[in-house]
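Take a look at the letters that make up each chain.
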Amino acid sequence: MQPEGLLAGHGVLVTGGGTGIGKACAAEVGRQGAKVMICGRTRARLDEAASALERSGTDVEVTVADVTIEADVVATVEATMAWAGNLRGVVANAGGGGTFAPYHLQDAAEFRRVLDLNVVGTMLCVKHSVPRLVAAGGGSFVGMSSIAATATHPAFGAYPVSKAAIDAMMRNAADEYGPAGVRFNSVQPGFVTTEIMEGIPRDSSVFESYLASTPLGGVSAPQDIASVVAFLLGPASGRITGQAIAVDGGHNLRSGPDFRPFTGLSSDQLLARATAE
């Protein structure tokens, strides 16, 4: 864990900062001295998170924004500049999953929705933060990926595709903007105890597949991810760019979870549907 003060004076934007990993990232960079802007789509959730962050000493502001809407991203970056005075770091955490189904049963509109949220939303954050990061003399951008980017997740549809795209985007951006002193990396969480992951029953075969494939055992807490994100935003990682860092207890060394039980069909039934169609 980095000591307090390493991010003093840094304006940092955290998208999807109202819950889970985003909120933990905001708390950790705030602990290290950053002025943190959190954004999300739900005002009540943001206000609740901001109150908790302020009680822990974080200098925080909120703005309502949907990262799939370009005008919202522009407004959020400008609001961060106006409040913090600079933009030195971005955590593109906003994202989500979609319908559990194999590809031959995927709804195209739902598939596009997930790609729009995870991939286009991250790209818009890159597009509109880069000029401000360059103007600040350099900075760091962290994209929130997943071990689903590299380990297969059967029946998880667009999500693995979108996370692999984020890793590729961070690598390309690292090459494009390295000469301007702006670094780009991604973090690949495994199973993290957030509100979203509460939807996976602890007595299910899916949850068991996470545990069985994790060399260190157990699951991660949001703080485990936040510590790595804060490191990537700070000076100690000044020579790290274009990397995808897994924070998953070693899960990526084995196999990803199998979400097919959530479809309500067995593997044989799914294959039979594919053959029939």
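Report on the accompanying structure. (Residues numbered from 1 in each chain as written. Predicted model: local features only at pLDDT ≥ 70, side-chain atom pairs only at ≥ 80, totals over all residues. Heavy atoms only, no water.)

1. Structural notes on the overall build of the chain
Turning to step 1, where the next piece is worked out: In terms of helices and strands, the chain carries 8 helices and 7 strands.
Turning to step 2, where the next piece is worked out: Over its C-alpha trace the chain gives a radius of gyration of 19 Å, about what one expects of a compact globule, namely 19 Å for 277 residues.
Turning to step 3, where the next piece is worked out: If you line up the chain on its principal axes, its C-alpha atoms span 60 × 40 × 35 Å.
Turning to step 4, where the next piece is worked out: Scored against the burial criterion, the 277 residues of the chain give a buried share of 50%.
Turning to step 5, where the next piece is worked out: Across the chain, every contact between residues at least 6 apart in sequence was considered, and the portion connecting residues at least 24 apart equals 74%.
Turning to step 6, where the next piece is worked out: Taken as a whole, the chain presents about 11,900 Å² of accessible surface, with 54% of it coming from carbon and sulfur. (Helix = DSSP H or I, 4+ residues; strand = E, 2+ residues; numbered from the N terminus. Rg over C-alpha atoms; globule rule 2.2 N^0.38 Å. Buried < 20%, exposed > 50% of the residue type's maximum accessible area, 1.4 Å probe, protein only. Contact = heavy atoms within 4.5 Å. Areas by Shrake-Rupley, 256 points an atom, 1.4 Å probe, with all protein chains shown as cover.)

2. Points about the nonpolar core
Turning to step 1, where the next piece is worked out: Core analysis: the biggest nonpolar cluster contains 29 residues, and V29, I38, V187, I225, V229 and L233 have the highest contact counts within it.
Turning to step 2, where the next piece is worked out: For this core, the secondary structure elements donating two or more residues are β1 (11–15), α1 (20–31), β2 (35–40), α2 (43–55), β3 (59–64), β5 (139–144) and α7 (222–233).
Turning to step 3, where the next piece is worked out: For this core, the element with the most residues is α7, which contributes 6 residues.
Turning to step 4, where the next piece is worked out: Beyond its immediate sequence surroundings of up to four residues, I225 is in contact with I21, M144, V187, P189, V192 and V247.
Turning to step 5, where the next piece is worked out: In this structure, A94, L117, M170 and V182 belong to the second largest nonpolar core, which totals 27 residues. (Core = buried A, V, L, I, M, F, W, Y, C linked by side-chain atoms within 4.5 Å.)

3. As for helix α6 (residues 205–212)
Turning to step 1, where the next piece is worked out: Among the residues making up α6, those that are buried are V206, F207, S209 and Y210. Relative to the axis of α6, the buried residues are bounded by an arc of 155 degrees and lie together on one face.
Turning to step 2, where the next piece is worked out: You can read the cap of α6 off the contacts: a side-chain oxygen lies 3.2 Å from the backbone nitrogen of F207, and it is on S204. (Arc of directions from axis to C-beta. Polar contact = N/O pair within 3.5 Å; in protein donor to acceptor, adjacent residues only side chain to side chain.)

4. Digging into empty space enclosed by the protein
To find the voids left in a structure, one rolls a probe of water-molecule size over its atoms.
Turning to step 1, where the next piece is worked out: Going through the model one piece at a time under the given rule, you end up with 1 cavity of 30 Å³ or more.
Turning to step 2, where the next piece is worked out: As a volume, the largest cavity reaches approximately 30 Å³.
Turning to step 3, where the next piece is worked out: Residues belonging to the lining of the largest cavity are distributed by class as follows: 6 nonpolar, 2 polar and no charged. (1 Å grid on protein atoms, 1.4 Å probe; cavity = no way out; pocket = protein on both sides within 12 Å on 5 of 7 lines; lining within 4 Å. Points joined across faces, edges and corners; volume = space filled by probe spheres on them. Nonpolar A, V, L, I, M, F, W, Y, C, P; charged D, E, K, R; others polar.)

5. Quick word on the packing of α1 against α2
Turning to step 1, where the next piece is worked out: Their axes nearest at 10 Å, the elements α1 and α2 cross at an angle of 30 degrees. The angle between the axes of α1 and α2 places the two elements in the roughly parallel class. Crossing geometry of α1 relative to α2 is assigned as right-handed. Touching K23, A26 and A27 of α1 are A49, A52 and L53, all from α2.
Turning to step 2, where the next piece is worked out: Residue composition of the contact of α1 with α2, by class: 5 nonpolar, no polar and 1 charged. (Axes fitted to C-alpha atoms, helices over the stretch in contact; angles between N-to-C directions. Parallel < 35°, antiparallel > 145°, perpendicular 65-115°, else oblique. Left-handed = near helix turned anticlockwise from the far one by under 90°.)

That is the geometry; function is a separate question.
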